[in-house]
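Chains, contacts and geometry: an overview
Letter by letter, the chains look like this.
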Amino acid sequence: MNATEAKNSPLRWLNQNFESIFMVAGLISIILFITWQVIYRYIITQFIERAGAAVWTEELSRYIFIWISYLAVSVAIRKRSSIRVDMLYDHLPPRWQRISWITVETLFLCLTATIAWFGWGQIERLLTFPQYTTALGMPYLVPYLILPLGFGLMCLRLLQSLYGQVKECGALDTLIGLALTALIASPCFIFDYIEPLTALFGYFVVLCAIGVPIAISLGLSTLATIISADTLPIEYMAQVSFTSIDSFPIMAIPFFIAAGVFMGAGGLSRRLLSLADEIVGGLYGGMGLTAIVTCMFFGAISGSGPATVAAIGALTIPAMIERGYDKYFSAALVAAAGCVGVMIPPSNPFVVYGVSAQVSIGDLFMSGIVPGIMTGFVLMGYCYFYSRKQGWRGENKVRNLHTLGKASWEAKWALMVPVIVLGGIYGGVMTPTEAAAIAAFYGMIVGLFLYREMDIKTFFASCVESCETSAIIIVLMAMATLFGNIMTIEDVPGTIARAILGFTNSKIVILLLINILLLIVGTFMEALAAIVILTPILLPVVTGVGVSPLHFGVIIVVNLAIGFITPPVGVNLFVASGVAKAKLEKIAGMALPMIGLMVIVLLICTYIPEVPLCLVGGK
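These numbers were taken from a predicted model, which means no experiment stands behind them.

We now examine the packing of aromatic side chains. Under the definition given, this model contains 22 aromatic pairs. Note on Phe329 and Tyr382: the rings are 6.4 Å apart at their centroids and 40° apart in plane angle, and the pair reads as tilted. Of this pair, Phe329 sits in helix H16 (residues 327–338) while Tyr382 sits in helix H18 (residues 361–390); the two residues are 53 residues apart in sequence, bridging distant segments of the chain. Each member of the pair, Phe329 together with Tyr382, is buried. Among the aromatic residues, ring-to-ring pairing joins Tyr325, Phe329, Tyr382, Tyr386 and Trp392 into one connected group. Looking at Lys412, its charged tip hangs above the ring of Trp409, at a distance of 4.0 Å from the centre.

Laid out in structure tokens, this is it:
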């Protein structure tokens, strides 16, 4: 077999797409199951007496969701796409960057092998003492098989990646990488006992610093603490890897991501851009204002800042540069406008916070509307006056009620998504997860059959992208649960709360300190990671001075949204830099006034809670 035949062989194709086949089938299945659940409850039961409840759909969907989430991690391993801190890595010479991958992936392998091994122990127990699910009566053995199989597959993918890295590095550099791995792990085995918090936070900081994905750093630091301080049975890690994400509310995350991806791939961005151009395109800075308004529209569908910047920036940044706008200003403006995507509902950070803090996701969504609109308006104001100073005008073309009506009609299917989501939740018709599933189903139908800009190949790729993006978040939450359990055992949240409240009882000072902390954290840690780590630590502090968990959810999300445009880990800046092909530091410099305006919005939302909470009755 020659090289070309080997490249196109069925075995090679299967190796590259094995997980993807199950991910696509699983995602489509759970979207259809939850959509059916809503239809059954409100339509079928109206015509069939004693139809009962379709409880099996939720149970089966949860287990499929767990399976596709962990299968998608294998895809992320192959693509090396994960949430990690790259500050040190980016400053290393190329040789040491290659060596660092040997260390990172070997450590990653240690965690996945541990969970796979003890996951098989769970299977043996379920074989000896069978248990059955409530609705389907299915043996728990079936869903729990994901632990040995899914994490075993991760081990295989890591070994494949390591094999390629070893060939690239050579024997000497490989040995250096393995020696560094042994050096990092050695304290766990050299010392009989290490203080739990020293091990937990020490390992977490070291692992993050060397570029281990944040989710894996959380899991490995927990494993190191269990080994060195014997805080929990090691078997517990496998069980919590399953139970921590066996949650119906968490399923909203892949659904909202899928809705945004489907609608973006299906031609949504261009139609929203045309509508926004009709509304504000004729003013000074018209294309910039159009970009901001489009980001606000798209944020109300995708729930993701980077996705908003990628989808809208690809259209607006080149258009702004073509019309004479400064390249760095254009990229910075779209990067800042993308932050609105995590405030205006649906918002993945609000879902993660709602699950972590046990707060109504629906109320969080409503609380994010006013801060999101305020942020959009202050950015539009800055864009208008800056563009007026520079003499940048909008495109000179006919704009009237007829053209506005035509653009609105073209974008009608896209504009329905926020209506479906918020109307379904606040009309009492659907839970946030059900609304997310309906939005994903709607996005699928619109992209495939109404806009007809998404073919089967694009649809397949969109499903894989949705699963992969959401899996990174889901694994982060699973590992953060393990990390958080040790913090709870050691009473870290209570200790920090007592220390801060012992220092000052002033609500104003405490909120100012927390805002400063979150702004600093947002400069080097991804928002979702920060939420799952910091929520259990900071929530007791703010509730101790009379701040409601709902209000704190707004504070933490708006705070960390600003982190999307603050280097060195401002992901919106990275996306905008890639689209504009411009230097990151120059874009960051242009973004500074915008960051200042967003901080003003943050302070208003922090100290005048009636502003963000006005739509939920000031809860």
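So, about the environment of Leu92. Mapped onto the secondary structure, Leu92 falls in the loop between helix H4 (87–90) and helix H5 (94–128). On the accessibility criterion, Leu92 (27% relative accessible area) is partly exposed. Counting along the chain gives 54 residues from Leu92 to Ile146, while the straight-line C-alpha distance between them is 37 Å.

All told, the structure shown has four cavities of 30 Å³ or more when counted by the stated rule. As a volume, the largest cavity reaches approximately 240 Å³. As for the largest cavity, its lining consists of 20 residues, of which Ser81, Ser82, Phe108, Pro213 and Ile216 are closest to the centre. Residue assignment for the lining of the largest cavity shows that the elements contributing at least two residues are helix H3 (55–79), H5, helix H10 (214–229) and helix H22 (456–489).

Attention now moves to the pattern of salt bridges. Side-chain pairing between opposite charges can occur once the charged atoms of the two side chains come close. If you walk through the whole model with that rule in mind, you get six salt bridges. Measuring nitrogen to oxygen at the nearest pair gives 3.1 Å for the salt bridge that ties Glu468 to Lys79. Highlighted residues: Glu468 in helix H22 and Lys79 in helix H3, separated in sequence by 389 residues. Judged by its relative accessible area of 10%, Glu468 falls in the buried class. Residue Arg271 pairs with Glu453 through a salt bridge whose shortest N-O separation is 3.0 Å.

In terms of domains, the protein is made up of domain 1 (10–246) and domain 2 (251–454 + 491–607). Placing the centre of domain 1 and that of domain 2 at their C-alpha centroids yields a distance of 29 Å. Between domain 1 and domain 2, the contact holds 21 residues from the first and 22 residues from the second. Interface area for domain 1 against domain 2, summed over the two sides, is near 1800 Å², with a carbon-plus-sulfur share of 86%. Linking domain 1 with domain 2 are zero salt bridges, by the criterion used here.

We now examine a nonpolar patch on the surface. Taken together, the side chains of Phe503, Ile508, Val509, Leu512, Leu513, Ile516, Ile520, Leu603, Tyr607 and Ile608 define a hydrophobic patch exposed on the protein surface, amounting to about 890 Å² of accessible area. A total of six residues in the nonpolar patch trace back to one element, the largest contributor, which is helix H24 (residues 507–524). With respect to the element layout, Ile516 can be found in helix H24.

With that settled, the discussion passes to the environment of Thr433. Along the chain, the position of Thr433 falls in helix H21 (residues 432–450). When its relative accessible area of 3% is taken as the criterion, Thr433 is described as buried. C-alpha separation for the pair Thr433 and Ile608, spaced 175 residues apart in sequence, amounts to 30 Å. Thr433 has contacts with Ile34, Phe248, Pro249, Met251, Ala252 and Phe255, leaving out every residue within four places of it along the chain.

Attention shifts here to the packing of helix H13 (residues 268–280) against helix H19 (residues 401–410). At a minimum axis distance of 8 Å, the contact between H13 and H19 shows a crossing angle of 155°. For the element pair H13 / H19, the angle class is roughly antiparallel. H19 is crossed by H13, and the crossing has left-handed handedness. Along its contact with H13, which presents Arg271, Ser274, Leu275, Glu278 and Ile279, the element H19 presents Thr403, Leu404, Ala407, Ser408 and Glu410. Of the residues that constitute the contact of H13 with H19, the class distribution is four nonpolar, three polar and three charged.

The rules behind each value
Throughout this description, residue numbers start from 1 for each chain and increase along the sequence as written. Side-chain atom pairs in this predicted model are given and counted only at pLDDT of 80 or more, local residue features only at pLDDT of at least 70, and totals for whole chains, interfaces and linings cover all residues. Water and hydrogen atoms were dropped before computing side-chain values, which therefore reflect all heavy atoms in the structure. Only Phe, Tyr and Trp rings are paired, with Trp represented by its six-membered ring, and only when their centres lie within 6.5 Å; those with planes under 30 degrees apart are stacked, over 60 edge-to-face, the remainder tilted. Put simply, DSSP H or I for four residues or longer makes a helix, DSSP E for two residues or longer makes a strand, and each gets a number counted from the N terminus. Categorising residues by exposure relies on relative accessible area from a 1.4 Å probe, with only protein chains included: less than 20% of the type maximum marks a residue as buried, more than 50% marks it as exposed, and the intermediate range marks it as partly exposed. Look at NZ for Lys and CZ for Arg. If either is within 6 Å of the ring centre and within 35 degrees of the ring normal, a charge sits over the ring. Cavities and pockets are defined on a 1 Å grid built over the protein atoms alone: a cavity is a set of grid points where a 1.4 Å probe fits but cannot escape, while a pocket is an open set with protein on both sides within 12 Å along at least five of seven lines, and lining residues are those with an atom within 4 Å of any such point. Grid points are joined across faces, edges and corners, and a volume is the space filled by probe spheres set on the points. Each salt bridge in this description consists of a side-chain nitrogen of Lys or Arg and a carboxyl oxygen of Asp or Glu lying within 4 Å of one another. Each domain's limits were defined by an automated method or a database of domain assignments. Between two residues, a contact is recorded if the distance between any of their heavy atoms is within 4.5 Å. Two parts lose some accessible area (1.4 Å probe) when they are put together, and adding that loss for both gives the buried area. In this scheme, patches are assembled from residues that exceed 30% relative accessible area and form no salt bridge. Like charges are connected within 9 Å, while nonpolar side chains (Val, Leu, Ile, Met, Phe, Trp, Tyr) are connected within 5 Å. The protein chains shown are the only cover counted for residues, whose accessible areas, like all others here, come from Shrake-Rupley with a 1.4 Å probe. A fitted line through C-alpha atoms represents every axis, and for helices the fit uses only the stretch in contact; the resulting angles, taken between N-to-C directions, go from 0 to 180 degrees. Any angle between 65 and 115 degrees counts as roughly perpendicular, while under 35 counts as roughly parallel, over 145 as roughly antiparallel, and the rest as oblique. Crossing handedness is read from the near helix: turned anticlockwise from the far helix by less than a right angle, it gives a left-handed crossing, and turned clockwise, a right-handed one. In this classification, the charged set is Asp, Glu, Lys and Arg, the nonpolar set is Ala, Val, Leu, Ile, Met, Phe, Trp, Tyr, Cys and Pro, and all remaining amino acids, among them Gly, are polar.

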